Amino acid sequence: MLHTVSEWLWWDRLWLPEKVSWSDLEDSEGCVYAKASQLYAALPCALCLLFIRFLFERYLATPLADLWGVRDRVRLTAEPNPVLEKYFCSQARFPSQTDLTYLCKKTSWPERKVQVWFKRRRNHERPGFRKRFCEASWRCVFYLFAFVAGVLALYDKPWLYNLKEVWAGFPKQSMLPSQYYYYLLELGFYLSLLLSLTFDVKRKDFKEQVTHHIATLTLLSFSWISNYIRIGTLVMACHDSADILLEGAKVFNYAKWHWSANTTFVVFTALFMLTRLVIFPFWLIHCTWVYPLEEFAPFFGYYFFNVMLLVLQILHIYWAVLISRMLLKLIFSKLEGDDRSDEEEADSDSPKERNNKLSHINGSGARGRANGH
């Protein structure tokens, strides 16, 4: 049965154009083609990147945080209470009014004291500025390195300047060493992001981020197997260019260099809109949707690849709306903080005051909210 499933999964007509089979993509006459087995190298690459990230954050980002005066806020520790701790860990971080009354009776504490306990306990779970600074620093450096690698892999290629060259001779296009290492770097990075989800900073668009990472890994893997490597390298370079500025804006923001952060954010917004809402849909998706039909009849892989690109484009539009709101707040009011991360609560905040505070923060401080790829 497994053999039958494998044969169906790797059926030529699913992933390759008519009159082309997997046997046509065997290495021969100096031509080297991408192979599915090479994707296994992404796992050790991801583990290496996680180790490099650990060293970077510990020995470079942390001293830089000290140099720039990035400090975590002083947090008051919640008083030990097994009843409240059990409720917090197993049921909810924000108790309802009914549960609050029940917990008051169970602990013999006044309502105000229970509320303060939950605020302090929630603050204890939130990552501090230094952790956010180190994470943003790592991503900024990686995206810069990856973008430079992409430029070096593409600058002298004809398909960078004429997109019809992407499909010249497809799928019998020999793989270049620069393409192999560029793909391996990007696959390893996005796989490392999935592996580090449990200890990375949790943000409000967590589900969108997971969707983005899975869609990206699926696209990269499929484009590698089916030899969509030329368009794959263009898509990766297009995405990395804006991400450098986004993470840089976060770094400046956590360091309280507000003018630099705001300026970087404005430039990021312009570049994001250009690359994700203009170049990506009207150049790259057009290239994968229209030009291939001049060379061969549509097949399942053609539709699959374009649908996954459209999934990314939907995420781009979602993030573009958020970024536009942030830009308006920057122009007409004060923009500070990272709206995707929970803000710490003061002991004096009542539930009503806290809601008002979060509403104000969500409306005015969202520089780091959109981490679009």
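Scoring rules and cut-offs
- Residues numbered from 1 in each chain as written.
- Predicted model: local features only at pLDDT ≥ 70, side-chain atom pairs only at ≥ 80, totals over all residues.
- Heavy atoms only, no water.
- UniProt positions renumbered as here; feature names shortened; annotations may be inferred.
- Helix = DSSP H or I, 4+ residues; strand = E, 2+ residues; numbered from the N terminus.
- Buried < 20%, exposed > 50% of the residue type's maximum accessible area, 1.4 Å probe, protein only.
- Contact = heavy atoms within 4.5 Å.
- Patch = residues over 30% accessible without salt bridge, like charges linked within 9 Å, V, L, I, M, F, W, Y side chains within 5 Å.
- Areas by Shrake-Rupley, 256 points an atom, 1.4 Å probe, with all protein chains shown as cover.
- Salt bridge = Lys/Arg side-chain N within 4 Å of Asp/Glu carboxyl O.
- Core = buried A, V, L, I, M, F, W, Y, C linked by side-chain atoms within 4.5 Å.
- Axes fitted to C-alpha atoms, helices over the stretch in contact; angles between N-to-C directions.
- Parallel < 35°, antiparallel > 145°, perpendicular 65-115°, else oblique.
- Left-handed = near helix turned anticlockwise from the far one by under 90°.
- Nonpolar A, V, L, I, M, F, W, Y, C, P; charged D, E, K, R; others polar.
- 1 Å grid on protein atoms, 1.4 Å probe; cavity = no way out; pocket = protein on both sides within 12 Å on 5 of 7 lines; lining within 4 Å.
- Points joined across faces, edges and corners; volume = space filled by probe spheres on them.
- Phe/Tyr/Trp six-rings, centres within 6.5 Å; stacked < 30°, edge-to-face > 60°.
- Lys NZ or Arg CZ within 6 Å of the ring centre and 35° of its normal.

The protein chain appears in an unreviewed UniProt entry as Ceramide synthase 3b from Eleginops maclovinus. Under the Catalytic activity (unreviewed entry) heading, UniProt states for the protein chain: "sphinganine + octadecanoyl-CoA = N-(octadecanoyl)-sphinganine + CoA + H(+)". A UniProt comment under Function (unreviewed entry) is attached to the protein chain, and it reads "Sequence-specific transcription factor which is part of a developmental regulatory system that provides cells with specific positional identities on the anterior-posterior axis."

### Considering the overall build of the protein chain
Scanning the protein chain from N- to C-terminus turns up 14 helices and 0 strands. Order of helices (α) and strands (β) in the protein chain, N terminus to C terminus: α-α-α-α-α-α-α-α-α-α-α-α-α-α. Out of the 373 residues in the protein chain, the part that is buried amounts to 49%. Contacts spanning at least 24 positions in sequence make up 83% of the contacts within the protein chain whose residues lie at least 6 apart.

### Quick word on a nonpolar patch on the surface
Taken together, the side chains of Leu144, Val148, Val151, Leu152, Tyr155, Leu160 and Tyr161 define a hydrophobic patch exposed on the protein surface, amounting to about 700 Å² of accessible area. Elements that contribute at least two residues to the nonpolar patch include exactly helix H7 (129-154) and helix H8 (158-161). No other element matches H7, which puts 4 residues into the nonpolar patch. By secondary structure assignment, the location of Tyr155 is in the loop between H7 and H8. Take Tyr155: its relative accessible area is 47%, and that puts it in the partly exposed class.

### Some remarks on the nonpolar core
In terms of nonpolar packing, the biggest core is built from 59 residues, with Val166, Phe189, Tyr228, Ile231, Leu234, Phe280 and Leu284 touching the most fellow members. The set of elements that each furnish at least two residues to this core consists of helix H2 (12-15), helix H3 (42-67), H7, helix H9 (177-195), helix H10 (206-225), helix H11 (229-254), helix H12 (258-289) and helix H13 (300-332). Excluding its chain neighbours within four sequence positions, the residues that come into contact with Tyr228 are Trp167, Phe170, Tyr183, Phe222, Ser223, Phe299, Gly301, Tyr302 and Phe305. Phe265, Phe272, Met273 and Leu322 belong to the second largest nonpolar core, which has 14 residues in total.

### A word on the UniProt feature "transmembrane region" (unreviewed entry) in the protein chain
Here the UniProt feature "transmembrane region" (unreviewed entry) sits at residues 39-56, 136-155, 180-199, 265-291 and 303-324. The distance from the first to the last C-alpha atom of residues 136-155 is 28 Å, and the span holds 95% helix and 0% strand. The span residues 303-324 shows a helical share of 100% and a strand share of 0%, and its end C-alpha atoms are spaced 31 Å apart.

### Structural notes on the packing of H3 against H7
Viewed as axis vectors pointing N to C, H3 and H7 meet at an angle of 120 degrees, and their least axial separation amounts to 9 Å. Regarding the angle of H3 to H7, the classification is oblique. Between H3 and H7 the crossing geometry is right-handed. For the pair formed by H3 and H7, the contact residues are Leu49, Ile52, Arg53, Phe56, Glu57, Ala61, Thr62, Leu64, Ala65 and Asp66 on the first element and Arg130, Phe133, Cys134, Glu135, Ser137, Trp138, Val141 and Phe142 on the second. Grouping the amino acids of the contact of H3 with H7 by side-chain chemistry returns 11 nonpolar, 2 polar and 5 charged.

### Thoughts on empty space enclosed by the protein
Enumeration according to the criterion identifies 6 cavities of 30 Å³ or more in this entry. As for the largest cavity, its lining consists of 17 residues, of which Thr216, Leu220, Val235, Met236 and Leu312 are closest to the centre. Tallied by class, residues from the lining of the largest cavity come to 9 nonpolar, 6 polar and 2 charged.

### Structural notes on the packing of H9 against H10
Between H9 and H10, whose axes approach to 10 Å, the crossing angle comes to 150 degrees. Classified by the interaxial angle, the pair formed by H9 and H10 is roughly antiparallel. The chirality of how H9 crosses H10 is left-handed. Here H9 contributes Gln179, Tyr180, Tyr183, Glu186, Leu187, Tyr190, Leu191, Leu193 and Leu194 to the contact with H10, which in turn contributes His212, His213, Ile214, Thr216, Leu217, Leu220, Ser221, Ser223 and Trp224.

### Digging into the pattern of salt bridges
Within this structure, the stated rule accounts for 10 salt bridges. One salt bridge connects Arg53 with Glu135, and the closest N-O pair in it is separated by 3.8 Å. Of this pair, Arg53 sits in helix H3 while Glu135 sits in helix H7, and the two are 82 residues apart along the sequence. Of the two residues examined, Arg53 and Glu135, each falls in the buried class. A salt bridge links Asp66 to Arg130, with the shortest nitrogen-to-oxygen separation between them at 2.8 Å. You can see Asp66 sitting in helix H3 and its partner Arg130 sitting in helix H7, a full 64 residues away along the chain. The exposure class assigned to Asp66 is partly exposed, which follows from its relative accessible area of 39%. Members of the salt-bridge network, linked through shared partners, are Arg53, Glu57, Glu135 and Arg139.

### Let's talk about the packing of aromatic side chains
Evaluated as defined, the whole model comprises 36 aromatic pairs. Taking the centre distance of 6.4 Å and the plane angle of 75 degrees together, the rings of Trp167 and Phe296 count as edge-to-face. One end of the pair, Trp167, is in the loop between H8 and H9; the other, Phe296, is in the loop between H12 and H13, with 129 residues separating them in the sequence. Judged by its relative accessible area of 2%, Trp167 falls in the buried class. Centre to centre, the rings of Phe170 and Tyr228 are 5.0 Å apart; their planes meet at 75 degrees, and the pair counts as edge-to-face. Highlighted residues: Phe170 in the loop between H8 and H9 and Tyr228 in the loop between H10 and H11, separated in sequence by 58 residues. Classification of Tyr228 by relative accessible area gives buried; the value is 3%. Note that Lys113 overlies the ring of Trp109, its terminal NZ or CZ placed 4.3 Å from the centroid. Above the face of the Phe129 ring, Lys256 is positioned so that its terminal group lies 5.6 Å from the ring centre.

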